[in-house]
Amino acid sequence: MAMLEVHSVKKSFGALEVLKGVDLRVEQGDVVAILGPSGSGKTTLLRCMNFLERADGGEMVFDGERFPLERISKKDVARLRRKTAFVFQNYNLFRNKTALQNVTEGLIVARKMPKGQALDIARRALAKVGLSDREDHYPSQLSGGQQQRVAIARAIATDPEIIYFDEPTSALDPELTGEVLAVMRELAREGMTMLVVTHEMSFARNVSNRVIFLERGAVVEEGDAKSFFQSPREERTRAFLRTLSGEEHTEKESET
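Residues numbered from 1 in each chain as written. Predicted model: local features only at pLDDT ≥ 70, side-chain atom pairs only at ≥ 80, totals over all residues. Heavy atoms only, no water.

### Quick notes on the pattern of salt bridges
Logical step 1: Applying the stated criterion across every chain yields a total of 20 salt bridges.
Logical step 2: Across the pair R47 and E53 runs a salt bridge whose closest N-O atoms are separated by 3.6 Å.
Logical step 3: The exposure class assigned to E53 is partly exposed, which follows from its relative accessible area of 22%.
Logical step 4: The network of salt bridges with shared partners includes E5, R25 and E27. (Salt bridge = Lys/Arg side-chain N within 4 Å of Asp/Glu carboxyl O. Buried < 20%, exposed > 50% of the residue type's maximum accessible area, 1.4 Å probe, protein only.)

This is the structure we're talking about:
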């Protein structure tokens, strides 16, 4: 039995149908990369799965329990969120709190954890992402890569069953992208289940074990990462990968 499944997820914004009945399955320990062009519905799917957006239809199965996405109760949303964590594209840190306080805030306020215990967990989480020496720094004193690593520390501090990542490196310069991806690779090696919306093809190819390709709100192709990149079944997938290869080639030429 899968840890997490969603079936027939639908979402529209006015007349615009963004998700057209998406199915997705995640096993424990999976690192699933969600790829697709801009506007394909990737982020909306992730936000519907963590109830940051309310889906118009569909069902979630989490640890064997079934939940209707369009009419799930607030109590069930809160219960599911305690099993998950979300890393945002733009960090979503409290600007007036230190790195350490950003990690402890949810533990103390949302989970009612004693402050001493929360501090111990937060310090371990910051150490894990290589920021023990930055725990008293405010976001304005940190680079974008460091801020995103604080956000990842905040996520892992809650001991989630799965972490959702929404384009975690898209706001970063290439130099800072590597430090965030290195943390994510280490989490993958340790068996953390992750669902990652990303444009980083090297991560999707080398770290994820499964890939889902979305376009216009529908799944075009899915499969294991090796097959997806080496022998995609669908012509639309092949065209997408050719476009990306061309962009990578152009970037390399511009660097020389």
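Still more to cover.
### Observations regarding unusual backbone geometry
Logical step 1: A positive phi is found at K112, a non-glycine position, where the angle reads about 55°.
Logical step 2: Along the chain, the position of K112 falls in the loop between helix 3 (99-110) and helix 4 (115-128).
Logical step 3: At R216, a position not held by glycine, the phi torsion is positive, near 50°.
Logical step 4: As for its position among the elements, R216 is in the loop between strand 9 (210-215) and strand 10 (218-224). (Helix = DSSP H or I, 4+ residues; strand = E, 2+ residues; numbered from the N terminus.)

### Examining the packing of helix 4 against helix 5 (residues 144-157)
Logical step 1: Between helix 4 and helix 5, the shortest axis-to-axis distance is 8 Å and the interhelical angle comes to 130°. With respect to their mutual orientation, helix 4 and helix 5 come out oblique. With respect to the hand of their crossing, helix 4 and helix 5 are arranged in right-handed fashion. Residues I121, A125, L126 and K128 of helix 4 pack against V150, A153, I156 and A157 of helix 5.
Logical step 2: By residue class, the composition of the contact of helix 4 with helix 5 is seven nonpolar, no polar and one charged. (Axes fitted to C-alpha atoms, helices over the stretch in contact; angles between N-to-C directions. Parallel < 35°, antiparallel > 145°, perpendicular 65-115°, else oblique. Left-handed = near helix turned anticlockwise from the far one by under 90°. Contact = heavy atoms within 4.5 Å. Nonpolar A, V, L, I, M, F, W, Y, C, P; charged D, E, K, R; others polar.)

### Some remarks on helix 4
Logical step 1: With 14 residues, helix 4 extends 20 Å from end C-alpha to end C-alpha; this agrees with the ideal 20 Å at 1.5 Å per step.
Logical step 2: A118, I121, A122, A125 and L126 are the residues of helix 4 that are buried. Projected onto a plane normal to the axis of helix 4, the buried residues spread over an arc of 135° and lie on a single side.
Logical step 3: Contact partners of the buried residues in helix 4: helix 3 and helix 5. (Expected span 1.5 Å × (residues − 1). Arc of directions from axis to C-beta.)

### Concerning the pairing of strand 3 (residues 31-35)
Logical step 1: Here strand 3 lies mainly inside the structure; five of its five residues are buried.
Logical step 2: Across the two faces of strand 3 the burial is the same, with V31, A33 and L35 and V32 and I34 all buried.
Logical step 3: Bridge analysis of strand 3 against strand 9 gives four bridges, and the strand direction is parallel. Bridged to V32 within strand 9 is R210. (Pairing = 2+ DSSP bridges.)

### Focus: the confidence of the model for the protein
Logical step 1: For the protein, the average pLDDT comes to 93, and 95% of its residues sit at 70 or higher.
Logical step 2: The spread of mean pLDDT over the elements of the protein runs between helix 9 (residues 235-255), the lowest at 68, and strand 8 (residues 193-197), the highest at 98. (pLDDT = per-residue confidence, 0-100.)

### Considering the packing of aromatic side chains
The relative placement of two aromatic rings is captured by the distance of their centres and the angle of their planes.
Logical step 1: Applying the stated criterion across every chain yields a total of five aromatic pairs.
Logical step 2: An angle of 80° between the planes, with centres 5.2 Å apart, marks the rings of F228 and F229 as edge-to-face.
Logical step 3: Residue class for F228 comes out buried when judged on its relative accessible area of 2%.
Logical step 4: Residue classification places F229 among the buried residues on the basis of a relative accessible area of 11%.
Logical step 5: Three or more aromatic residues joined by ring pairs make a cluster, and in this case those are F213, F228, F229 and F240. (Phe/Tyr/Trp six-rings, centres within 6.5 Å; stacked < 30°, edge-to-face > 60°.)

### Describing the pairing of strand 7 (residues 162-166)
Logical step 1: Burial runs high along strand 7: five of the five residues are buried.
Logical step 2: Every second residue of strand 7 is oriented toward a common face, with I162, Y164 and D166 on one face and I163 and F165 on the other, all of them buried.
Logical step 3: Both strand 6 (residues 84-87) and strand 7 contribute to a ladder of four bridges, which runs parallel. Counterpart to T84 in the pairing with strand 7 is I162.
Logical step 4: In this view, the connection linking strand 7 to its parallel neighbour strand 8 by way of helix 6 (residues 174-189) has right-handed handedness. (Right-handed = clockwise from strand over helix to strand, strands pointing away.)

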